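What follows is each chain in one-letter form.
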2 protein chains.
Amino acid sequence: MTKKFSFTLKNTENKARRGEVVTAHGVIQTPAFMPVGTAATVKAMKVSDVKKSGAKIILGNTYHLMLRPSAELIEKLGGLHKFMGWNGPILTDSGGFQVMSLSKIRKISDEGVEFSSHLDGSKHFVSPERSIEIQHMLGSDITMIFDECIQFPATFEQTQKAMERSISWGARSKAAFKERDGYGIFGINQGGTFKDLREISAAKLVEIGFDGYAIGGLAVGEGQKIMFEVLDYTPDFLPKNKPRYLMGVGKPSDIVGAVLRGVDMFDCVIPTRSGRTAQAFTRNGTMNIRNAKFHDDAKPLDDKCGCYACVNHSRAYLHHLTKANEILAAMLTTEHNIFYYQDLMKDIRAAIEEKRFTAFAKDFMEKFGDEVVEEEVVVS
Amino acid sequence: MTKKFSFTLKNTENKARRGEVVTAHGVIQTPAFMPVGTAATVKAMKVSDVKKSGAKIILGNTYHLMLRPSAELIEKLGGLHKFMGWNGPILTDSGGFQVMSLSKIRKISDEGVEFSSHLDGSKHFVSPERSIEIQHMLGSDITMIFDECIQFPATFEQTQKAMERSISWGARSKAAFKERDGYGIFGINQGGTFKDLREISAAKLVEIGFDGYAIGGLAVGEGQKIMFEVLDYTPDFLPKNKPRYLMGVGKPSDIVGAVLRGVDMFDCVIPTRSGRTAQAFTRNGTMNIRNAKFHDDAKPLDDKCGCYACVNHSRAYLHHLTKANEILAAMLTTEHNIFYYQDLMKDIRAAIEEKRFTAFAKDFMEKFGDEVVEEEVVVS
């Protein structure tokens, strides 16, 4: 018997929430971090290793997959789960963000977005209906509504207009979504850094009614301080009994700070992208393993980490692989980072259960709040 | 108690040999194929997966490792086994071949070779004594003598001169080698395509006395037919009770044909390099997975293969990953190829044990003897 898509709140500590999402392909303990599998692969990792990290759900990108290899082909081959060999839950974004950030030419109308592929210039059109259809063909456990993403900074008027269009597109997305047990659709709250707009957006989305609510339009260059200000109020506008997903976030301290403010789900390319640029996350902070000081360091990246790299290899070895541009450097550092992120989420969940998350977060922010993580410019 | 380095011949069928090499770090069943771990990594593979493939011994490159990260650093960190996390036997080449093929400027004298690093132009000098010292610092189970490698084609006189210098360097290499239980040193037979020179080289090497004998100077562009002609007589010049190692060979049919002629050990970058260029070896021949015909092929690369890629993924998925330039494409295709090579060696060993290798080889050469494998130009 397939279970209904559901969210259960198990514990709370102030605004922080410990919950459980049930999907067709499995259960997700929240707060949860979803590794990004853009092109049907979490870059430089086997899915079996993604699974070993403790990750229960991964993210796929509709924009990338519709262009290559195409949603039609993936459907023909049995869906995205089978195509990439991942049998756990998958969330797909709607393509809205990448259409804006990656495609070359675009014409936006109320109907949808016309754009040229960044791969070969071929023309494509995505509407809310088409995005939902694609996500259905992919077989996503969690479908995202198609929304209009704008650049930061934006004026109140620009933000309001895009937010209102996103609401209209959200209603069309919901209408186009084919209900199936275990499969859900999330709305996306917009409104930039404007509290009024965030509140209106939330109310209208709730009126349409979704299985979960994402917070979009953050982590687009506004910085952690402003993001936290928006998160000080936005989660309160969203229903308590549905999961809240902060899209595209973030570095470890972003996640801790967002959980503190009531967010349940996260995705970000930082751990994987950093893994390909020799940046490792550890319990002692970030380190760039390319740094010459690691050339003879026999210690593992993080002596409290149980990942393959930390169990088997030294910083000196990783430094060497990085200097030699070996693929194994990207493989090991990525896997370590994904393990680090999953361990962090495990620690966060345990801290909430044990009512010590507020102290955990304070301590974490003091240690790592100011940490600079090499910035990503484009999600690809 | 550490065992002596030894070779035991267990079965033979005509010239084909089934043997066992005992080293400090483990036992090698021959005929054996050694994956190449140039820069202390079998490219795009974790050592745990190399181990899973059934490979018992891997090869490291003295030239690369002396330049980066340096033999001194590897020794300080506990030797090459510990540095790269491989606890099985390791054979290191002497650097002779790469000094000739990769370094920028060189001055060759009876003393040794002066060259500039292909990485940063820094000057280095390698003599037989220095090569053996480096291999000792690396902790190689099987050390190779430092020899002079020449380009193909070469005249009789050029070949003779290099062969004679290699004998002299071989004697110095042997003298410099520090005997330890479980560790051996191999001589390298030279002489190009000249039977007389091969015979003289073999006799002089045997006079010096080594734990095994390599056949060098082949697979340098002469083609399979000429290589097999040389292999029709050269192994007969070498002692029956020592392992014979054909350096840098080769594609599957090269290996089968060489085993038929009495060779026991092989190394080659073909399976790993091919893995990074989308070329897969299978029981049905080679395939380039980039080929458009695989775009919707739901079958595994090879349905008789038990590697991770074949168990979990389709050709269509690998095709997609390759087109998308995903690191996972290189990872999966490389691992598959290494598994294929190890399975091939297992089949070869079983066929010799069961006295059906001659038929096996005939069948294999008929099926795959003409197969063109994308040529490697430089061993890097």
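In short, a report on the structure. On a predicted model such as this, the values are computed, not experimentally measured, just so you know. (Residues numbered from 1 in each chain as written. Chains lettered and ligands numbered in written order. Predicted model: local features only at pLDDT ≥ 70, side-chain atom pairs only at ≥ 80, totals over all residues. Heavy atoms only, no water.)

**Considering the overall build of chain A**
- Assigned secondary structure in chain A consists of 15 helices and 16 strands.
- Its C-alpha atoms give chain A a radius of gyration of 20 Å, near enough to 21 Å, the size a compact globule of 380 residues would have.
- Along the longest, intermediate and shortest principal axes, the C-alpha atoms of chain A span 60 × 50 × 45 Å.
- Each of the 380 residues in chain A was classed as buried or not, and the buried ones make up 61%.
- The contacts of chain A with a sequence gap of at least 6 include a subset with a gap of at least 24, amounting to 67%.
- Just so you have it, chain A exposes about 14300 Å², and 51% of that area is on carbon and sulfur atoms. (Helix = DSSP H or I, 4+ residues; strand = E, 2+ residues; numbered from the N terminus. Rg over C-alpha atoms; globule rule 2.2 N^0.38 Å. Buried < 20%, exposed > 50% of the residue type's maximum accessible area, 1.4 Å probe, protein only. Contact = heavy atoms within 4.5 Å. Areas by Shrake-Rupley, 256 points an atom, 1.4 Å probe, with all protein chains shown as cover.)

**Details of the sheet that holds strand 9 (residues 123-126) of chain B**
All names here are of chain B.
- Pairing is antiparallel across the open sheet formed by three strands, whose spatial order is 7-8-9. The open sheet has two edge strands, strand 7 (106-108) and strand 9, and neither has a second partner. In this sheet, adjacent strand axes meet at a mean angle of 15° when their direction is disregarded.
- In this structure, strand 8 (residues 113-116) lies alongside strand 9, joined through four bridges in antiparallel fashion. Bridge pairing links Phe115 to His124 in strand 9. (Pairing = 2+ DSSP bridges. Axes fitted to C-alpha atoms, helices over the stretch in contact; angles between N-to-C directions.)

**Quick word on the pairing of strand 4 (residues 32-35) of chain B**
All names here are of chain B.
- Of the two faces of strand 4, the one holding Ala32 and Met34 and the one holding Phe33 and Pro35 are both buried throughout.
- Relative to strand 14 (residues 265-268), strand 4 runs parallel, the two being bridged by four bridges. Across the sheet, Met34 pairs through a bridge with Asp267, a residue of strand 14.

**Digging into the nonpolar core**
- Membership of the largest hydrophobic core comes to 106 residues, with the highest contact counts inside it found for Leu80 and Met84 of chain A together with Leu80 and Met84 of chain B.
- Excluding anything up to four places from it in sequence, Leu80 of chain A contacts Ala40, Leu65, Ile74, Gly85, Ile90, Thr92 and Leu138 of chain A. (Core = buried A, V, L, I, M, F, W, Y, C linked by side-chain atoms within 4.5 Å.)

**Details of the sheet that holds strand 14 of chain B**
Residues and elements named next belong to chain B.
- Taken in spatial order, the eight strands make up an open sheet running 4-14-13-12-11-10-6-5, and their pairing is parallel. Strands with a single pairing partner mark the edges of an open sheet, and in this sheet they are strand 4 and strand 5 (58-60). Neighbour-to-neighbour, the strand axes of this sheet turn through a mean angle of 25°, independent of strand direction.
- Across the sheet, helix 8 (residues 195-208) touches strand 11 (184-189) and strand 12 (212-215), and the angle it forms with strand 11 is around 160°.

**Considerations on the environment of Arg261 of chain B**
Residues and elements named next belong to chain B.
- Counting through the fold element by element, Arg261 comes out in the loop between helix 10 (252-260) and strand 14.
- For Arg261, a relative accessible area of 17% gives the class buried.
- A C-alpha to C-alpha distance of 8.0 Å links Arg261 and Phe228, two positions 33 residues apart in sequence.
- Other than its neighbours up to four places away in sequence, Arg261 contacts Lys15, Phe228, Leu231, Asp232 and Pro235.
- A polar atom in the side chain of Arg261 sits 3.4 Å from the backbone oxygen of Phe228. (Polar contact = N/O pair within 3.5 Å; in protein donor to acceptor, adjacent residues only side chain to side chain.)

**Description of the relation of the copies chain B and chain A**
- Expressed as a screw operation, the relation of chain B to chain A combines 0.0 Å of axial shift with a rotation of 180°, fitting to an RMSD of 0.0 Å. Taken together, the rotation and translation relating the two chain copies correspond to the operation of a two-fold axis. When C-alpha distances to the rotation axis are compared across chain B, the minimum falls at Ile327 of chain B, with a value of 3.8 Å.
- Comparing interface residues between copies, 100% of those in chain B also lie at the interface in chain A; the contact surface is shared. (Least-squares fit on C-alpha atoms with pLDDT ≥ 70 in both.)

**Thoughts on the interface of chain B and chain A**
- Tallying the contact residues gives 37 residues for chain B and 37 residues for chain A.
- Taken over both partners, the interface formed by chain B and chain A buries close to 3200 Å², and the fraction arising from carbon and sulfur atoms is 62%.
- Applying the counting rule to chain B against chain A returns eight salt bridges.
- The partner of Glu326 of chain A in a salt bridge is Lys43 of chain B, and the shortest N-O contact between them spans 2.6 Å.
- Scanning the region where chain B abuts chain A turns up 18 residue pairs in polar contact (both at pLDDT 80 or more).
- Those elements giving two or more residues to the side of chain B that touches chain A turn out to be helix 1 (47-52), helix 3 (71-76), helix 4 (80-84), helix 12 (308-312), helix 13 (315-323) and helix 14 (327-353) of chain B.
- The class makeup of the residues in the side of chain B that touches chain A is 20 nonpolar, seven polar and 10 charged. (Buried area = accessible area lost by both parts, 1.4 Å probe. Salt bridge = Lys/Arg side-chain N within 4 Å of Asp/Glu carboxyl O. Nonpolar A, V, L, I, M, F, W, Y, C, P; charged D, E, K, R; others polar.)

**Looking at the environment of Met265 of chain B**
All names here are of chain B.
- Looking at the secondary structure, you find Met265 in strand 14.
- The buried category is assigned to Met265, whose relative accessible area is 0%.
- Sequence separation of Met265 and Glu20 is 245 residues, and the distance between their C-alpha atoms is 11 Å.
- Excluding anything up to four places from it in sequence, Met265 contacts Thr30, Ala32, Met34, Ile57, Leu91, Ile142, Phe186, Pro243, Arg244, Tyr245 and Leu246.

**Quick look at the packing of helix 10 (residues 252-260) of chain A against helix 14 (residues 327-353) of chain A**
All names here are of chain A.
- Remark: helix 10 packs on helix 14, axes separated minimally by 11 Å, with the N-to-C direction vectors making an angle of 25°. Between helix 10 and helix 14, the interaxial angle falls into the category roughly parallel. Where helix 10 crosses over helix 14, the handedness of that crossing is right-handed. In this structure, helix 10 uses Pro252, Ile255, Val256 and Val259 to contact helix 14, whose residues at the interface are Tyr340, Tyr341, Leu344, Met345, Ile348 and Ile352. (Parallel < 35°, antiparallel > 145°, perpendicular 65-115°, else oblique. Left-handed = near helix turned anticlockwise from the far one by under 90°.)

**Quick word on helix 15 (residues 357-368) of chain A**
Residues and elements named next belong to chain A.
- Between its terminal C-alpha atoms helix 15 stretches 16 Å, which fits the 16 Å expected from 12 residues at 1.5 Å a residue.
- Along helix 15, the residues classified as buried are Phe357, Phe360, Ala361, Phe364 and Phe368. For helix 15, the angular spread of buried residues about the axis comes to 95°, placing them on one side. Facing away from the buried surface of helix 15 by more than 90 degrees, the exposed residues are Ala359, Lys362 and Glu366. (Expected span 1.5 Å × (residues − 1). Arc of directions from axis to C-beta.)

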